[in-house]
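Spelled out from the first residue to the last, the chains are:
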2 protein chains.
Amino acid sequence: MVTIAEVARQAGVSSSTVSYVLSRKRSISEDTRRKVEAAIQDLGYHPHAGARALASNRSDIIALMVPLRSDMFVPVIMEIAMAVTTQAREFGKDVLLLTKDEGTGGVRRVSGSGLADAVILMDVELDDDRVPVLQGTGSPAVLIGLPADTAGLTCVDLDFDATGGACVDHLADLGHRDVALIGESEAVYRRHTGFAARTLAGFQRRAAERGLRAVHRPCEGTYESTAGVLARILEERPTTTGFVVQNEAAIAPLLSLLRLSGRVVPEDTSIVAICPDQVALQSSPRLTSVSIPAEEMGRNAVRQAMAQLQGDRRSSVMLLPPRLTVRESSGAAPTA
Amino acid sequence: MVTIAEVARQAGVSSSTVSYVLSRKRSISEDTRRKVEAAIQDLGYHPHAGARALASNRSDIIALMVPLRSDMFVPVIMEIAMAVTTQAREFGKDVLLLTKDEGTGGVRRVSGSGLADAVILMDVELDDDRVPVLQGTGSPAVLIGLPADTAGLTCVDLDFDATGGACVDHLADLGHRDVALIGESEAVYRRHTGFAARTLAGFQRRAAERGLRAVHRPCEGTYESTAGVLARILEERPTTTGFVVQNEAAIAPLLSLLRLSGRVVPEDTSIVAICPDQVALQSSPRLTSVSIPAEEMGRNAVRQAMAQLQGDRRSSVMLLPPRLTVRESSGAAPTA
DNA sequence: GGATGATATCGAAGCGCTTCGACTGAAGCT
DNA sequence: AGCTTCAGTCGAAGCGCTTCGATATCATCC
């Protein structure tokens, strides 16, 4: 292994000078800098990460705790993870992947051992036991998702309440009077995850404000369950013409079922999905949707973490505003 | 931060003794062990990862290089990544997440800096420039996927050639005489990824051996492209009754299209998918499928990496045998 | 009963880096 | 000319751990 001492010898300087060339913490003459950089190239030098962490008390690693299985849509999780990793690299940091099932022990371990300089938590529950532990460690922390009590925390999430409202607004603007929310599975509402409940609250509040009749049905997302949910909704309220779909898995079955029943989208029935743009674009017809800004959430989480690492201790809750894109699945309500 | 010295003082022993308690590399009396463990508990001691890496020359970190965007199905990538992480933790290792777009530089960086003890590469291309670099570093390496030349490498993958064959066998056994492979998008075949080509080769060879007529069509996986592909196949060879689907995204559109066209699965048409079990199970009807053993691949990759870390320098190519599960999407060919 | 071999523990060196204080020489003042 | 100032560099300490002898104790065996 090539050490800083060898680079120093090759460049004819002391090892501290090499260190300063690398860290830019002291001024270095142009001449010396060139010699050192040449030596680094020549020898293929890479500073030893452990030695650096020991001496500087920074590992340049951000821990990311990802759900193994969760209510979140897997591609969204993946996109967030990739965005975090990419953004972290732009700050010269690496990402350590932890699974949520490591729980509080995992949090203690990585911050206690100095393995990570900061921790980003995904799939945060309303009353998440990792949060107090994380605050106890005093290390920079960012949550993707909202717990019940956000006091003193830094969080990033889509504003799901506003999202529910935006979907209703869009359908109301198009003249729909009866709308339905095809939600996540019952288990998601029972479990202590906030996003489904927040979407529902926004959906219902806005529907009331706009004077629409609103129905909400949880849905597992399988073909059969979607068929059941759709049948129930149309039976109870046959005049329903606008659907908001939160469960990504229910989208394909829903489209298929509507086609089979002879309903044409968007002429007879309008659909607004809450899903990644990619999903909306590969459906047929392409879906009007509020996108899940996975990349933005991941990148912002890292930025917040970096701000904390640089001494910014303000907590903040960053709710990204919903962005609704009109595509081919929504249109004016049919005139009765 | 709590150091080993503080633990030692609290336990009334030397710090080397604490170290040996932790590493079990020398025998320690029961009495001393208890005192040390109590002190560790009391103080909430976590060894400093950097210091440990520096002194022992092992970081206890495995780097995992994941594709940002690729031909692979995202949930499969995710499942592999999670399996790698879980299995790594069972060996006391952590996982560092790298993106494929860091390329050879990323490989050099993590192994050159001693950040990772081993590297696992996903989404390996036939002629992958990361591979020679990785071999050059001399650090333990495992590939998930097969490059063209596997000499001296350790690889783990599903045996896609046998998979193509197994799908044909299943359909042939059921009496189908005309089969079609709905493959990945053209781009996948053009790009230098092996799994699609290997599946196709196995499919065609076995079809020839069994005397079936076989058609292969690439497919983008969108509703429109699937519709086009299906129409083309049925036009060219209307007697086609067996479909093998490799592109996960094409599954839902295909089922929907067949339903619309009045064909009943499996009475009129049989489908065998190559996809994760989860996808096969949530379709309607549930699909006969060869599963993508994502978890097994991830776990085995880690095991191979650990074997190499423990000095096993044999290279090996581990091709997991396809496992075909019969469900409701395949049945006897209709009698003409 | 002294040599032998385990077993249990300690002290110290050293891993490769960062960082602090000190030093040097040149430039900028008065 | 003598002073300060500052850019540029060096040497050494020290980060917290592992690991290699060395040592001490004790049971075992002729």
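For clarity, every value in this text was computed on a predicted model and none was experimentally measured.

**A short note on the overall build of chain A**
Move 1: Helix and strand content of chain A: 14 helices and 12 strands.
Move 2: In terms of C-alpha radius of gyration, chain A reaches 25 Å, well past the compact-globule figure of 20 Å for 336 residues.
Move 3: Relative to its 336 residues, chain A shows a buried fraction of 55%.
Move 4: For chain A, contacts bridging at least 24 residues in sequence account for 72% of all contacts bridging at least 6.
Move 5: Accessible surface, chain A as shown: approximately 14,000 Å² in total, 50% of it carbon and sulfur.

**Regarding the relation of the copies chain B and chain A**
Move 1: With an RMSD of 0.1 Å, chain B superimposes on chain A once it is rotated by 180° and translated 0.0 Å along the axis. The superposition of one copy onto the other is thereby described by a two-fold rotation axis.
Move 2: Mapped onto chain A, 100% of the interface residues of chain B are again interface residues, and the two copies thus contact each other with one and the same surface.

**Details of the packing of aromatic side chains**
All names here are of chain A.
Move 1: Under the definition given, this model contains two aromatic pairs over all chains.
Move 2: Relative to Phe195, the ring of Phe160 lies with its centre 5.3 Å away and its plane at 45°, an arrangement referred to as tilted. Here the residue Phe160 occupies a position in helix 8 (residues 160–173), and Phe195 occupies one in helix 10 (residues 194–210), the gap between them amounting to 35 residues. Across this residue pair, the class does not change: Phe160 and Phe195 are buried.

**Some words on the interface of chain B and chain A**
Move 1: In this complex, chain B contributes 44 residues to the contact, which on the side of chain A involves 44 residues.
Move 2: The tally of links from chain B across to chain A stands at four salt bridges.
Move 3: We note a salt bridge from Asp94 of chain B to Arg109 of chain A, for which the minimum N-O separation is 2.6 Å.
Move 4: At nine residues, the largest contribution of residues to the side of chain B that touches chain A is made by helix 5 (residues 74–90) of chain B.

**Examining the protein's contact with DNA strand D**
Move 1: Among the 28 residues in the neighbourhood of DNA strand D, the closest are listed as Thr17 and Thr32 of chain A together with Ile4, Arg26 and Tyr45 of chain B.
Move 2: Protein-adjacent atoms of DNA strand D, using a 4 Å cutoff, are sugar or phosphate at a proportion of 57%.
Move 3: At the level of secondary structure, the elements contributing two or more residues to the surface near DNA strand D comprise helix 2 (15–23) and helix 4 (49–56) of chain A together with helix 2 (15–23) and helix 4 (49–56) of chain B.
Move 4: Here the surface near DNA strand D gets five residues from one element, more than from any other, and that element is helix 4 of chain B.

**Quick look at unusual backbone geometry**
Residue and element names in this part refer to chain A.
Move 1: With omega at 10°, the peptide bond leading from Val265 into Pro266 counts as cis.
Move 2: By secondary structure assignment, the location of Pro266 is in the loop between helix 12 (248–260) and strand 9 (270–274).
Move 3: Backbone torsion omega between Ser284 and Pro285 reads 0°, so that peptide bond is classified as cis.
Move 4: Turning to its location among the elements, Pro285 is positioned in the loop between helix 13 (277–282) and strand 10 (288–290).
Move 5: Look at Asp60: it is not a glycine, yet its phi comes out positive at around 60°.
Move 6: Positionally, Asp60 belongs in the loop between helix 4 and strand 1 (61–66).

**Description of the packing of helix 11 (residues 223–236) of chain A against helix 12 of chain A**
Residues and elements named next belong to chain A.
Move 1: Two numbers describe how helix 11 lies on helix 12: the axes approach to 9 Å, and their chain directions differ by 55°. Classified by the interaxial angle, the pair formed by helix 11 and helix 12 is oblique. Relative to helix 12, the crossing made by helix 11 is right-handed. In this structure, helix 11 contributes Tyr223, Thr226, Ala227 and Leu230 to the contact, and helix 12 contributes Ala250, Pro253, Leu254, Ser256, Leu257, Leu258 and Leu260.

**A few points about empty space enclosed by the protein**
Where empty space is left in the structure can be found by rolling a water-sized probe over the atoms.
Move 1: Under the definition given, this model contains three cavities of 30 Å³ or more.
Move 2: Reported here for the largest cavity is a volume of approximately 280 Å³.
Move 3: Looking at the largest cavity, it is lined by 21 residues, and the ones nearest its centre are Met72, Asp157, Phe160, Phe195 and Met297 of chain B.
Move 4: Counting residues per element, the lining of the largest cavity draws most heavily on helix 10 (residues 194–210) of chain B, which supplies three residues.
Move 5: A per-class count over the lining of the largest cavity returns 11 nonpolar, four polar and six charged.
Move 6: Mapping the lining of the largest cavity onto the domain boundaries places at least three of its residues in each of domain 2 (61–158 + 294–320) and domain 3 (160–292) of chain B.
Move 7: Computed from the structure, the second largest cavity encloses a volume of approximately 60 Å³.
Move 8: Lining the second largest cavity we find Val66, Met78, Ala81, Met82 and Leu97 of chain A together with Val66, Met78, Ala81, Met82 and Leu97 of chain B.
Move 9: For the lining of the second largest cavity, the elements supplying multiple residues, two or more each, are helix 5 (74–90) of chain A together with helix 5 of chain B.
Move 10: The residue inventory of the lining of the second largest cavity, partitioned by class, reads 10 nonpolar, no polar and no charged.

**Observations concerning the pattern of salt bridges**
All names here are of chain A.
Move 1: Throughout the structure, instances matching the rule amount to 56 salt bridges over all chains.
Move 2: With a closest N to O distance of 3.7 Å, Arg33 and Glu37 form a salt bridge. Taken together, the residues Arg33 and Glu37, both in helix 3 (residues 30–43) and four residues apart, mark about one turn of the helix.
Move 3: Glu102 serves as the salt-bridge partner of Arg109, at 3.2 Å between the closest nitrogen and oxygen.
Move 4: Taken together, the shared-partner salt bridges connect Asp161, Asp169, Asp173, Arg205, Arg206, Glu209 and Arg210 into one network.

**Here we look at the side chain of Arg198 of chain B**
Residues and elements named next belong to chain B.
Move 1: Looking at where Arg198 falls in the secondary structure, it is placed in helix 10.
Move 2: Residue classification places Arg198 among the buried positions, given a relative accessible area of 17%.
Move 3: When residues no more than four places from it in sequence are discounted, the contact partners of Arg198 are Leu146, Asp157, Leu158, Phe160, Asp161 and Leu319.

**Details of the protein's contact with DNA strand C**
Move 1: Of all residues adjacent to DNA strand C, which total 28 residues, the nearest are Ile4, Arg26 and Tyr45 of chain A together with Thr17 and Thr32 of chain B.
Move 2: Counting only atoms of DNA strand C within 4 Å of the protein, the sugar-phosphate share comes to 55%.
Move 3: Contacts to DNA strand C include Tyr20 of chain A, whose side-chain N or O atom sits 2.6 Å from a base nitrogen.
Move 4: Separating a phosphate oxygen of DNA strand C from a backbone N or O atom of His48 of chain A is a distance of 3.2 Å.
Move 5: Elements with a minimum of two residues in the surface near DNA strand C: helix 2 and helix 4 of chain A together with helix 2 and helix 4 of chain B.

**Quick look at the sheet that holds strand 1 (residues 61–66) of chain B**
Move 1: Ordered in space as 11(A)-5(A)-4(A)-3(A)-1(A)-2(A)-2(B)-1(B)-3(B)-4(B)-5(B)-11(B), the 12 strands form an open sheet in which the pairing is mixed. Two strands close off the open sheet at either side, each with one partner strand: strand 11 (316–320) of chain A together with strand 11 (316–320) of chain B. Sheet twist, expressed as the mean angle between neighbouring strand axes with direction ignored, is 20°.
Move 2: Sitting on the sheet, helix 5 of chain A is in contact with strand 1, strand 2 (94–99), strand 3 (118–121) and strand 4 (141–144) of chain A together with strand 1 and strand 2 (94–99) of chain B, with an inclination near 80° to strand 2 of chain B.
Move 3: Helix 7 (residues 130–137) of chain A rests against strand 1, strand 3 and strand 4 of chain A of the sheet, and its axis sits at about 165° to strand 3 of chain A.

**Remarks on the state of the cysteines**
Move 1: For the structure on display, the rule yields zero disulfides over all chains.
Move 2: Of all cysteine sulfurs in the structure, the one in Cys275 of chain B sits closest to Cys219 of chain B, which takes part in no disulfide; the separation is 14 Å.

**Observations regarding the domain arrangement of chain A**
Move 1: You can read the domains of chain A as domain 1 (4–47), domain 2 (61–157 + 294–320) and domain 3 (160–291).
Move 2: The straight-line distance from the C-alpha centre of domain 1 of chain A to that of domain 2 of chain A is 35 Å.

About the criteria used
Residues numbered from 1 in each chain as written. Chains lettered and ligands numbered in written order. Predicted model: local features only at pLDDT ≥ 70, side-chain atom pairs only at ≥ 80, totals over all residues. Heavy atoms only, no water. Helix = DSSP H or I, 4+ residues; strand = E, 2+ residues; numbered from the N terminus. Rg over C-alpha atoms; globule rule 2.2 N^0.38 Å. Buried < 20%, exposed > 50% of the residue type's maximum accessible area, 1.4 Å probe, protein only. Contact = heavy atoms within 4.5 Å. Areas by Shrake-Rupley, 256 points an atom, 1.4 Å probe, with all protein chains shown as cover. Least-squares fit on C-alpha atoms with pLDDT ≥ 70 in both. Phe/Tyr/Trp six-rings, centres within 6.5 Å; stacked < 30°, edge-to-face > 60°. Salt bridge = Lys/Arg side-chain N within 4 Å of Asp/Glu carboxyl O. Near = heavy atom within 4 Å. Axes fitted to C-alpha atoms, helices over the stretch in contact; angles between N-to-C directions. Parallel < 35°, antiparallel > 145°, perpendicular 65-115°, else oblique. Left-handed = near helix turned anticlockwise from the far one by under 90°. 1 Å grid on protein atoms, 1.4 Å probe; cavity = no way out; pocket = protein on both sides within 12 Å on 5 of 7 lines; lining within 4 Å. Points joined across faces, edges and corners; volume = space filled by probe spheres on them. Nonpolar A, V, L, I, M, F, W, Y, C, P; charged D, E, K, R; others polar. Domains from an automatic or database assignment. Polar contact = N/O pair within 3.5 Å; in protein donor to acceptor, adjacent residues only side chain to side chain. Pairing = 2+ DSSP bridges. Disulfide = S-S within 2.5 Å.

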